[in-house]
Each structure stands twice: as structure tokens, then as C-alpha cells.
Amino acid sequence: MRMNLPSDLHIIQFKSDGSLRSCHHPAHQYICGSDSINLGHDPSAKRSTIGPTDSMGSFGSSLLQSIRSKLPQWIDDLGIGSANAQNLKEPITSYSKFIRGSFRPYSPNKHSDSIFFLVKLTSKIGDLIDPLALGFVRVGKRNLFLENQGQLINIPECFSILDFYLTQQRQGFGYLLISNALKNQSISINRCAFDRPTQAMISFLSKHFNLNEPQRQHNHFVIYKQFFETDNHS
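Source: prediction; values computed, not measured.

Draft legend 1. Representation of the overall build of the protein. The secondary structure content of the protein amounts to five helices and nine strands. Of the regular secondary structure in the protein, the N- to C-terminal order runs β-β-β-α-α-α-β-β-β-α-β-α-β-β. Counting the 234 residues in the protein, one finds 50% classified as buried. Sequence-distant contacts in the protein: of pairs separated by 6 or more residues, those separated by 24 or more amount to 56%. Approximately 12100 Å² of the protein is accessible, and the part contributed by carbon and sulfur atoms is 47%.

Structural data, given as C-alpha cells:
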């Protein structure tokens with residue numbers, strides 16, 4: 001399934017090491033993995049354009065600076081929205097937790113996660129473009145113990161969808177985000193574990209990815225029967 005989007009919509013990957021990457025195709029059939037730009041955390045680092053030139057024009061450098069400046073607020077706001085949707089007392093995802101690579105301060109366990117944003121570029125007065133994040137999906141690898149046919153099996157680097165939230169529903173954005181994130185990571189959704197998925201997420205996975213009969217685990221993750229049908233968990 002391919003989705004064509006207007007030129008003002010982009011998918012951008014932000015990693016916990018500070019690197020930023022656009023995921024696009026010049027024809028606006030969004031395929032992750034093209035046009036990498038590593039900005040790190042150095043504001044003086046070299047910047048280049050992202051996205052097709054017909055939608056970005058000559059605004060590459062200033063747009064990248066704008067996106068970088070908005071990343072902390074995007075992550076915090078979308079994390080809060082996700083937590084509210086899941087009735088959690090505190091967000092799973094915040095900028096500070098994401099950058100330090102752990103949920104709790106001083107934790108010895110550090111993770112290298114990625115957040116994929118769906119970003120809309122809105123023209124303003126003059127040459128200004130205002131980027132707006134419409135949603136995000138956070139992915140990463142976790143050391144999980146998962147039950148299969150009564151046995152507890154350790155998956156040391158289990159690819160997991162850790163957080164997911166959209167400000168706008170029913171426009172195909174969710175499928176776009178998740179399918180592109182998985183394509184970028186070269187992994188099938190059958191091999192994913194899902195952290196605390198809501199009932200809406202369960203229904204979404206059934207509708208768009210034909211994942212049915214969720215298997216809820218003791219650690220709040222959910223997998224599907226296809227998970228252990230691959231050759232990658234032996």
C-alpha cells in the first residue's frame with residue numbers, strides 16, 4: 001500500500017543521538033531512508049535542505065533551524081497527548097527522557113530510539129514556513145521476555161513500537177507513519193512488540209495491518225501470533 005501526500009507533508013526521523021533525517025521520495029510517495037542530515041546538538045553544525053525542492057524551495061537552512069527549535073515542544077506535547085489517550089499518570093515519551101535514553105534519571109539502561117514525525121509545512125507571510133507536527137511514532141529495541149506456548153522466551157533486542165499518537169485521525173496518517181518507520185528500520189510489523197497499546201491501536205492494527213488475536217504479555221507489551229513464526233527469534 002502506497003500513499004501519495006501533498007507536498008506540504010513530510011516524515012522526519014529524530015534519533016536520541018540528535019541526528020535528524022527526512023524520509024521522502026521526490027514524487028511524494030514517502031519512502032524512508034533518503035537524504036540524511038546529521039545535526040547532532042551543535043547549533044553551528046552544517047545544515048542542508050530536506051524534502052523535495054518543489055515543496056521546500058530555498059528555505060532549507062532556516063526550516064531546519066525552525067524544526068530543531070520545535071523538537072522539544074513537539075515531543076513533550078505529543079507525549080502528553082499519548083499519555084492522556086492511554087490514561088497514564090505521566091507520559092512515556094518526553095524530550096528529556098528521550099535524549100537521555102532512559103525513562104528514569106540515572107538509569108544504567110540506555111536506549112537508542114527513534115521518533116518519526118509527520119510534519120506539515122504551512123506557508124506564512126513572506127518567505128517563512130511554519131512546521132507543525134501532526135503526530136509521532138517512537139520505535140526502539142528492548143530486552144523482553146515474551147510468552148510463547150507456555151514458555152517464557154528472552155528476545156534481547158526486540159523491535160518495539162513504544163509510543164504512538166496523532167492529533168488528527170482517520171486520514172491515513174497512522175498507517176503512513178508506522179509503515180514508513182518500519183521500512184526505514186527494515187523490519188516487518190509481524191516482528192514488532194507493542195508497548196501498552198490502547199484498544200483503538202489494537203483495532204487500527206487489525207484494520208490496516210491484518211494483525212488479529214493480540215497476545216498480551218506480563219510486561220504490558222502485546223505481540224501477535226506471527227511474531228514467533230519468523231526465523232529471527234530462535
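The structure having been displayed, the exposition proceeds.
Draft legend 2. Spatial organisation of the nonpolar core. Core analysis: the biggest nonpolar cluster contains 31 residues, and V137, I178, I189, F194 and L205 have the highest contact counts within it. Counting only elements with at least two residues in this core, the list comes to strand 1 (9-15), strand 4 (114-123), strand 5 (129-148), strand 6 (151-166), helix 4 (173-185) and helix 5 (199-209). The leading source of residues in this core is helix 4, at seven residues. Apart from residues no more than four positions distant in its own chain, V137 is found in contact with S114, I115, F116, I161, D163, F164, L177, I178 and A181. Counting residues in hydrophobic clusters, the runner-up holds 18 residues, among them F14, I75, F98 and I115.

Draft legend 3. The confidence of the model for the protein, seen in detail. Confidence along the protein averages 79 in pLDDT terms, with 74% of residues attaining 70 or more. For residues 25-59, every residue scores under 50 in pLDDT, and the model assigns this stretch 102 contacts once sequence neighbours within four places are set aside.

Draft legend 4. Representation of helix 5 in the model. Taken residue by residue, helix 5 has M201, I202, F204, L205 and F209 as its buried positions. Summarising the axial view, the buried residues of helix 5 lie within an arc of 160°, below the 170-degree limit, and thus occupy one face. Across from the buried face of helix 5, at angles greater than 90 degrees, the exposed residues are Q199, A200 and K207. Those residues of helix 5 hidden inside the fold are in contact with strand 6, helix 4, strand 7 (193-195), strand 8 (215-216) and strand 9 (221-223). Following helix 5 by one or two positions, N210 adopts a phi angle in the positive range, close to 55°.

Draft legend 5. A look at the packing of aromatic side chains. On inspection of all chains with the given rule, the structure shows seven aromatic pairs. Each ring, one from F14 and one from F98, has its centre 5.8 Å from the other, and the planes form 40°; the classification is tilted. Remark: F98 occurs in helix 3 (residues 95-100) and F14 occurs in strand 1; sequence separation between them is 84 residues. In this pair, the class of F14 matches that of F98, namely buried. An angle of 85° between the planes, with centres 6.1 Å apart, marks the rings of F194 and Y224 as edge-to-face. Residue F194 is found in strand 7, and its partner Y224 is found in the segment after strand 9; the two are separated by 30 residues along the sequence. With a relative accessible area of 2%, F194 lands in the buried category.

Draft legend 6. Here's a closer look at the pairing of strand 6. Bridge count between strand 5 and strand 6: 13 bridges; the pairing is antiparallel. Following the sheet pairing, R138 is matched in strand 6 by D163. In sequence, strand 5 turns back onto strand 6 through a hairpin of two residues, with Q149 there showing a positive phi of about 55°. In the sheet, strand 6 pairs with strand 7 via two bridges, with the strands oriented parallel. Bridge assignment links I161 to a residue of strand 7, and that residue is F194. Crossover strand 6 to strand 7 through helix 4 is right-handed.

Draft legend 7. The arrangement of the pattern of salt bridges in detail. Considering all chains together, one arrives at five salt bridges under this definition. Its salt-bridge partner being K70, residue D130 comes within 3.3 Å of it at the nearest N-O pair. Here D130 is found in strand 5, whereas its partner K70 is found in helix 2 (residues 60-85), with 60 residues between them in sequence. With relative accessibility at 27%, the residue D130 sits in the partly exposed group. The exposure class assigned to K70 is partly exposed, which follows from its relative accessible area of 25%. Where salt bridges share partners, they join D113, R138 and R142 into one cluster.

Reading the values: rules and limits
Residues numbered from 1 in each chain as written. Predicted model: local features only at pLDDT ≥ 70, side-chain atom pairs only at ≥ 80, totals over all residues. Heavy atoms only, no water. Helix = DSSP H or I, 4+ residues; strand = E, 2+ residues; numbered from the N terminus. Buried < 20%, exposed > 50% of the residue type's maximum accessible area, 1.4 Å probe, protein only. Contact = heavy atoms within 4.5 Å. Areas by Shrake-Rupley, 256 points an atom, 1.4 Å probe, with all protein chains shown as cover. Core = buried A, V, L, I, M, F, W, Y, C linked by side-chain atoms within 4.5 Å. pLDDT = per-residue confidence, 0-100. Arc of directions from axis to C-beta. Phe/Tyr/Trp six-rings, centres within 6.5 Å; stacked < 30°, edge-to-face > 60°. Pairing = 2+ DSSP bridges. Right-handed = clockwise from strand over helix to strand, strands pointing away. Salt bridge = Lys/Arg side-chain N within 4 Å of Asp/Glu carboxyl O.

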